[in-house]
Amino acid sequence: LFDGVYPFYPQQRKAAVFDIRTIIVIVVFLTLACSFLLIIPGIRGRARLYWTLRVLLSLFVGVVIVVVQFTGDWETGWVQANTSYKSFSRAQVNADIGLHIGLAGVNITLRGNPVNQINETINYNEHFPWNFGADYDRSYSEGLEKGLPSPILYVAEKFSTQSPCAVHRQYRIAGHYASAMLWVAFCTWISSNILFSMPVLVYGGYMLLVTGAFMIFSLLSFSTVRNSPMCLIQIGTGTLHVAYGGSFWLMLAVGLLCFVAAITIVAMHHLNLDLLKAFFDLREDKEEEHQEMPEVFVNPHFVSLSP
């Protein structure tokens, strides 16, 4: 004891609300969107609506592909239970225990009901990384040395390499390949925008189709973690169950959106090319290419001098 108090967290730690990398990505894409909105008044007629729809939709797809790399809600779960708070103490607290699984690691949240109990503020969010280059067991050992609350250590132990659950390797590999496929999808998204601006519309549609395919492949890669049965996480009288979270379903929706947009573009290229060019604001260019030669006036003096 230290002055009659258990030596756990001399200064209270607050739960993390936003990931700084996520904020940076969102700000960058919002800056691009605002820059486009500043020049949109210079586009005339119906093309203004088409340009706005295309650019904002494309930026939305791009920001989703990048942001979900850093989010921690590919799988989530919550449980409310009465549980012990610290080791070597019989004190019980009523708290919400949350599990947030991302591609690069797991966040474990502990929030008291109410937050202030047993003369302490119970509001924690601890991150344990498992991406390549990170050492999960070391992070877990550091948590033990810090004296993290018992529910956090109990849940974190389930994902360690020494745990009988044996899910650490599966989550690590699945998250790694899902992240790699998302970066490939980001590259093909850039390529599709380049092809649309050249313009090579049908090939841009094909590349957008590839973008959607890699997004779906990333979901399939992450879903392989369900091949390993998850250990029962029993906290007090409650059981913590995990299910696919917001990032997973958002990625599925955007991937299907890319499929629908790509198939529509390819179909319009073969069925109604004029309508497709009108949507991409290329109709005037086509008319100029097929415009007939204007009437030419020739000086009769030069004609008479010709042999």
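Counting starts from 1 at the beginning of each chain's written sequence and moves along it residue by residue. The model is predicted, so local features are restricted to residues of pLDDT at least 70 and side-chain atom pairs to those at 80 or more, both for listing and for counting; the totals for chains, interfaces and linings are taken over all residues. Where side-chain values are given, they derive from all heavy atoms of the structure, hydrogens and water being excluded.

As annotated in an unreviewed UniProt entry, the chain carries the name DOXA2 factor and is attributed to Vireo altiloquus. UniProt positions are given in the numbering used here, feature names are shortened, and annotations may be inferred rather than shown by experiment. Turning to the chain, the UniProt annotation filed under Subcellular location (unreviewed entry) states: "Membrane".

Draft legend 1. Just the sheet that holds strand 3 (residues 105–117), in detail. At least two bridges found by DSSP between two strands is the condition for calling them paired. Strands here are runs of E lasting at least two residues and helices are runs of H or I lasting at least four, both read from the DSSP assignment and numbered beginning at the N terminus. Here we have five strands laid out as an open sheet, ordered 4-3-2-1-7, and antiparallel in their pairing. This sheet does not close on itself; its edge strands, each paired only once, are strand 4 (120–129) and strand 7 (243–244). Pairing of strand 1 (residues 75–84) with strand 2 (residues 92–101) involves 10 bridges; the strand directions are antiparallel. Bridge pairing in strand 2 places Gln-80 opposite Asp-96. Whether two residues are in contact is decided by their heavy atoms, any of which lying within 4.5 Å being enough. Lines are fitted to the C-alpha atoms to define the axes, a helix being fitted only along its stretch in contact, and any angle between axes, read from their N-to-C directions, falls within 0 to 180 degrees. Helix 4 (residues 150–157) contacts strand 1, strand 2, strand 3 and strand 4 of the sheet and is inclined by roughly 160 degrees relative to strand 3.

Draft legend 2. The arrangement of the UniProt feature "transmembrane region" (unreviewed entry) in the chain in detail. The UniProt entry lists residues 20–39, 51–70, 177–196, 203–222 and 242–267 under the feature "transmembrane region" (unreviewed entry), expressed in the numbering used here. With 100% helix and 0% strand, the stretch residues 20–39 has end C-alpha atoms that lie 29 Å from each other. Secondary structure across residues 203–222 comprises 100% helix and 0% strand; the distance between its end C-alpha atoms is 29 Å.

Draft legend 3. Just the state of the cysteines, in detail. To count as a disulfide, a pair of cysteine sulfur atoms needs to be within 2.5 Å. Under the counting rule described, the total for this entry stands at one disulfide. Through a disulfide, Cys-165 is tied to Cys-231; the S-S separation comes to 2.1 Å. Taking the torsion about the S-S bond as the criterion, the Cys-165 to Cys-231 disulfide, at about -130 degrees, is left-handed. With Cys-165 in the loop between helix 4 and helix 5 (168–197) and Cys-231 in the loop between helix 6 (201–223) and strand 5 (233–235), the pair connects residues that are 66 residues apart, well separated along the chain. Only protein chains enter the accessibility calculation, which uses a 1.4 Å probe; a residue is then buried when its area is under 20% of its type maximum, exposed when over 50%, and partly exposed in between. For Cys-165, a relative accessible area of 9% puts it in the buried group. Accessibility expressed as a relative area gives 24% for Cys-231, which makes it partly exposed.

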